[in-house]
Amino acid sequence: MTDANTALHADATRPSRREQILQAAAQLFAERGSRAVGVDDVGAAVGVTGPAIYRHFASKDAMLAEMLLRISERLLEGGTARVAAAGDDPMAQLRTLIAFQVDFALDNPALITVHDRDLGSLADDDAAQVRRLQRRYVEVWVDVLGRVHPTSDAATNRARAHAVFGLVNSTPHSAGRLPRRRTAALLAAMAEAAATAWNVP
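Residues numbered from 1 in each chain as written. Predicted model: local features only at pLDDT ≥ 70, side-chain atom pairs only at ≥ 80, totals over all residues. Heavy atoms only, no water.

(A) Focus on the overall build of the protein. Secondary structure summary: the protein contains 9 helices and 0 strands in total. Reading the protein from its N terminus to its C terminus gives the helix and strand order α-α-α-α-α-α-α-α-α. Buried residues in the protein amount to 43% of all 201 residues. Within the protein, counting contacts between residues at least 6 apart in sequence, those at least 24 apart form 69% of the total. When the accessible surface of the protein is summed, it comes to about 10100 Å², and 53% of that surface belongs to carbon and sulfur atoms. (Helix = DSSP H or I, 4+ residues; strand = E, 2+ residues; numbered from the N terminus. Buried < 20%, exposed > 50% of the residue type's maximum accessible area, 1.4 Å probe, protein only. Contact = heavy atoms within 4.5 Å. Areas by Shrake-Rupley, 256 points an atom, 1.4 Å probe, with all protein chains shown as cover.)

Take a look at the structure:
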């Protein structure tokens, strides 16, 4: 099982059994789709019986909800912290946000795939919570972009942010074709170009 999807771990060097289960589930959900994966499949991937999974999660849907909530929380917390640590220069704030998003995408390709494909499978309350967290993360970007583009309105900067997400989060389709360092540098340069593009008349 891959060591990717580090956003699921409190300590990536020592994942708990619960986190190992989530990591295995994320990889399987990305490969097959959550509806095609059974609890027994997840158990086999981490070397436990299916029933043992229920000591950690009430259902497969609970695994999906927790993994999508965790990554949404990590993005919001991580993005907010990095902006705060970047000082007062708007471009420094933007570059640290871009680097954070690029690292997240390269380290968590299965989670990006699961999010894109299976968010609609969540229960309504869980999906609403994920979307609230994601909207708050987008607004971190909008605030920074508003300082980079002081004459742009929020809607334009929101479109810029989503353009960057679309570019960077395409990595599940291209990861591995270049060495990671080159991929990260390329994505960061392209994301900065997208984020700093001027207003379109």
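(B) Fine view of the confidence of the model for the protein. Taken residue by residue, the protein gives an average pLDDT of 88. The fraction at 70 or more is 89%. By mean pLDDT, the top-scoring element of the protein is helix 7 (residues 124-148) (97), and the lowest-scoring one is helix 3 (residues 50-53) (80). (pLDDT = per-residue confidence, 0-100.)

(C) Looking closely at the UniProt feature "DNA-binding region" (unreviewed entry) in the protein. In the numbering used here, UniProt assigns the "DNA-binding region" (unreviewed entry) feature to residues 38-57. Annotated as residues 38-57, this span is 60% helix and 0% strand, and its ends, taken at the C-alpha atoms, are 13 Å apart. (UniProt positions renumbered as here; feature names shortened; annotations may be inferred.)

(D) Spotlight on the layout of surface pockets. Taken as a whole, the largest pocket holds about 320 Å³ of empty space. What lines the largest pocket is a set of 17 residues, among which Leu75, His115, Gln134, Phe165 and Asn169 lie closest to the centre. Residue assignment for the lining of the largest pocket shows that the elements contributing at least two residues are helix 4 (60-85), helix 5 (90-107), helix 6 (109-118), helix 7 and helix 8 (154-168). Tallying contributions element by element places helix 7 first for the lining of the largest pocket, with 5 residues. Its residues assigned to classes, the lining of the largest pocket comprises 9 nonpolar, 6 polar and 2 charged. (1 Å grid on protein atoms, 1.4 Å probe; cavity = no way out; pocket = protein on both sides within 12 Å on 5 of 7 lines; lining within 4 Å. Points joined across faces, edges and corners; volume = space filled by probe spheres on them. Nonpolar A, V, L, I, M, F, W, Y, C, P; charged D, E, K, R; others polar.)

(E) Representation of helix 7 in the model. With 25 residues, helix 7 should cover 36 Å at 1.5 Å per step; its first-to-last C-alpha distance of 36 Å lies within 8% of that length. Every buried residue of helix 7 is accounted for by Ala127, Val130, Leu133, Tyr137, Val138, Val140, Trp141, Val142, Val144, Leu145 and Val148. Those residues of helix 7 that are buried lie in contact with helix 4, helix 5, helix 8 and helix 9 (180-195). (Expected span 1.5 Å × (residues − 1).)

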